[in-house]
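Below, each chain spelled out in residue letters.
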Amino acid sequence: MRLPNKTDIIKKTAFEKRDYMERVCSADDRIIAALDVDSFEKMESIVEELGELVSFYKVGMELYYAEGSKTMEWLHEKGKQVFLDLKMYDIPNTVAHGISAVSGLGIDLITIHAGGGRDMMEAAVQAADEAGRNNGRRPKILAVTVLTSFDETVWKETGGLLPIESQVFRLAKLAKECGVDGVVASPEEAKGIRELCGNDFEIVTPGIRPAFADADDQKRIATPAVALNNGATRLVIGRPITKAEDPKKAVRMILEEIRENKK
Ligand code: C5P
């Protein structure tokens, strides 16, 4: 056997370097960075800074109510995918029209409340199907089951009868039956939902904290790799990226972690 010579070592190092760069320099649409800001300028500055490293962004109530649809138009111009998190909850007709209105903005994911019931969820799915037929871009509908801010006391106070976890599974199953594309769930709930709803179902998890990040106000957290191994399809990550001293470095570390932990 020939011992590796200097050229072999240099070549291997160069290969490893390229491999590393490929792993940490291209965006992964399983990572959705949360744009929890109140102005267009702040959004712009985050997205410009992250550049090619992030391809998917979440626009929530704060940014959407402050700046409206121009946020979406701008993100599209930049070639980004958009998760519009407005957690719609109203009578079926109103939710369907809401979905139709925002679908015109070309969004990729949108949230509704599963607690709105079968008719509401089916109306939302029909509106998304129609938008897909009309403009060739069908947004996926995600259902929120029970907000993670509920604990058993608050849950009972509002009339909840089942334990929260049972209610989460019950609503996830109902959402699947209604043709909803997936749910937003905690990393802990992801495993059970995956078993119950099968593989063809999005599970989008917030509450993600890479090992290097603070928990902030999140109580039930998981690392990106654990959430994906539990069955999550996408991770919503806010402060660990946007409030990091070096946001690009934070994304690279997350990319490295999730690409090394393939199932
Ligand atoms: O900064 P952080 O990573 O905690 O942000 C998580 C994002 O996910 C925020 O936009 C937050 O509103 C959202 N979210 C959450 N927990 C839920 C649902 C949504 O943290 N149960």
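Reading the values: rules and limits
Residues numbered from 1 in each chain as written. Predicted model: local features only at pLDDT ≥ 70, side-chain atom pairs only at ≥ 80, totals over all residues. Heavy atoms only, no water. Near = heavy atom within 4 Å. Polar contact = N/O pair within 3.5 Å; in protein donor to acceptor, adjacent residues only side chain to side chain. Areas by Shrake-Rupley, 256 points an atom, 1.4 Å probe, with all protein chains shown as cover. Pairing = 2+ DSSP bridges. Helix = DSSP H or I, 4+ residues; strand = E, 2+ residues; numbered from the N terminus. Axes fitted to C-alpha atoms, helices over the stretch in contact; angles between N-to-C directions. Salt bridge = Lys/Arg side-chain N within 4 Å of Asp/Glu carboxyl O. Disulfide = S-S within 2.5 Å. Contact = heavy atoms within 4.5 Å. Parallel < 35°, antiparallel > 145°, perpendicular 65-115°, else oblique. Left-handed = near helix turned anticlockwise from the far one by under 90°. Nonpolar A, V, L, I, M, F, W, Y, C, P; charged D, E, K, R; others polar. Phe/Tyr/Trp six-rings, centres within 6.5 Å; stacked < 30°, edge-to-face > 60°. Buried < 20%, exposed > 50% of the residue type's maximum accessible area, 1.4 Å probe, protein only. UniProt positions renumbered as here; feature names shortened; annotations may be inferred. Core = buried A, V, L, I, M, F, W, Y, C linked by side-chain atoms within 4.5 Å.

## Brief notes about the site of the ligand
Link 1 in the chain: Every residue close to the ligand is listed here: Ala34, Asp36, Lys58, Thr148, Pro206, Arg209, Gln218, Val236, Ile237, Gly238, Arg239 and Pro240.
Link 2 in the chain: Separating an oxygen atom of the ligand from a side-chain N or O atom of Lys58 is a distance of 2.9 Å.
Link 3 in the chain: Contact distances for the ligand include 2.8 Å between an oxygen atom and a side-chain N or O atom of Arg209.
Link 4 in the chain: Coverage of the ligand by the protein amounts to 81% of the 460 Å² it exposes when considered alone.

## Examining the sheet that holds strand 7 (residues 202-205)
Link 1 in the chain: Strand order around the closed barrel formed by eight strands is 1-2-3-4-5-6-7-8, with parallel pairing between neighbours. The average undirected angle you get between the axes of adjacent strands in this sheet is 25°.
Link 2 in the chain: Here three bridges tie strand 6 (residues 182-184) to strand 7, and the two strands are oriented parallel to one another. Within the sheet, the bridge partner assigned to Val184 lies in strand 7 and is Val204.

## Focus on the pattern of salt bridges
Link 1 in the chain: Tallying each qualifying case throughout the model produces 18 salt bridges.
Link 2 in the chain: Members of the salt-bridge network, linked through shared partners, are Asp29, Lys140, Glu202 and Arg234.

## Section: the state of the cysteines
Link 1 in the chain: Within this structure, the stated rule accounts for zero disulfides.
Link 2 in the chain: The cysteine Cys197 is free of any disulfide, with Cys178 supplying the nearest cysteine sulfur at 11 Å.

## Comments concerning the side chain of Thr205
Link 1 in the chain: Take Thr205: it is sitting in strand 7.
Link 2 in the chain: Those residues in contact with Thr205 that lie beyond four places of it in its chain are Ala185, Ser186, Pro187, Ala190, Ala227, Ala232, Arg234, Leu235 and Val236.

## Describing the packing of helix 5 (residues 92-103) against helix 6 (residues 117-135)
A pair of packed helices is captured by two measures, namely the crossing angle of their axes and the spacing between those axes.
Link 1 in the chain: Between helix 5 and helix 6, whose axes approach to 8 Å, the crossing angle comes to 25°. Of the possible angle classes, the one that applies to helix 5 and helix 6 is roughly parallel. Here the hand of the crossing between helix 5 and helix 6 comes out right-handed. Facing Pro92, Val95, Ala96, Ile99, Ser100 and Ser103 of helix 5, the residues of helix 6 in contact are Asp119, Met120, Ala123, Ala124, Ala127, Ala128, Ala131 and Asn135.
Link 2 in the chain: Among the residues making up the contact of helix 5 with helix 6, the classes are represented as ten nonpolar, three polar and one charged.

## With respect to the packing of aromatic side chains
Link 1 in the chain: Applying the stated criterion across every chain yields a total of three aromatic pairs.
Link 2 in the chain: Ring geometry for Phe150 versus Trp155: centroids 5.5 Å apart, planes at 85°, classification edge-to-face.
Link 3 in the chain: Taking the relative accessible area as the measure of exposure, Trp155 reaches 11% and is therefore buried.

## Structural notes on the UniProt feature "domain: Orotidine 5'-phosphate decarboxylase" (unreviewed entry) in the protein
Link 1 in the chain: Following the UniProt record, the feature "domain: Orotidine 5'-phosphate decarboxylase" (unreviewed entry) maps to residues 30-254 here.
Link 2 in the chain: Along residues 30-254, the helical share is 47% and the strand share 17%, with 11 Å between the first and last C-alpha atoms.

## With respect to the side chain of Asp181
Link 1 in the chain: Positionally, Asp181 belongs in the loop between helix 8 (164-177) and strand 6.
Link 2 in the chain: By relative accessible area, which is 18% here, Asp181 ends up buried.
Link 3 in the chain: Side chain to side chain, Asp181 and Arg138 meet in a polar contact 3.1 Å long.
Link 4 in the chain: Of the polar contacts made by the side chain of Asp181, one reaches the backbone nitrogen of Ile141; its length is 2.8 Å.
Link 5 in the chain: Beyond its immediate stretch of four places on either side in the chain, Asp181 contacts Arg138, Pro139, Lys140, Ile141, Phe201 and Glu202.

## Observations concerning the environment of Phe150
Link 1 in the chain: Of note, Phe150 is situated in the loop between strand 5 (140-144) and helix 7 (152-157).
Link 2 in the chain: On the basis of relative accessibility, which here comes to 24%, the residue Phe150 falls in the partly exposed class.
Link 3 in the chain: For the pair Phe150 and Lys248, spaced 98 residues apart in the sequence, the C-alpha separation amounts to 33 Å.
Link 4 in the chain: Apart from residues no more than four positions distant in its own chain, Phe150 is found in contact with Trp155, Thr158 and Ile164.

## Some words on the nonpolar core
Link 1 in the chain: Counting residues in each nonpolar core, the largest one holds 67 residues, and the members touching the most others are Ile99 and Ile112.
Link 2 in the chain: Tallying contributions element by element places helix 6 first for this core, with seven residues.
Link 3 in the chain: Among residues more than four places away in sequence, those in contact with Ile99 are Met88, Ile110, Ile112, Ala124, Ala127, Ala128 and Ile141.
Link 4 in the chain: The next biggest cluster of nonpolar side chains, apart from the first, holds ten residues, and it includes Ile32, Ala34, Leu142 and Val236.

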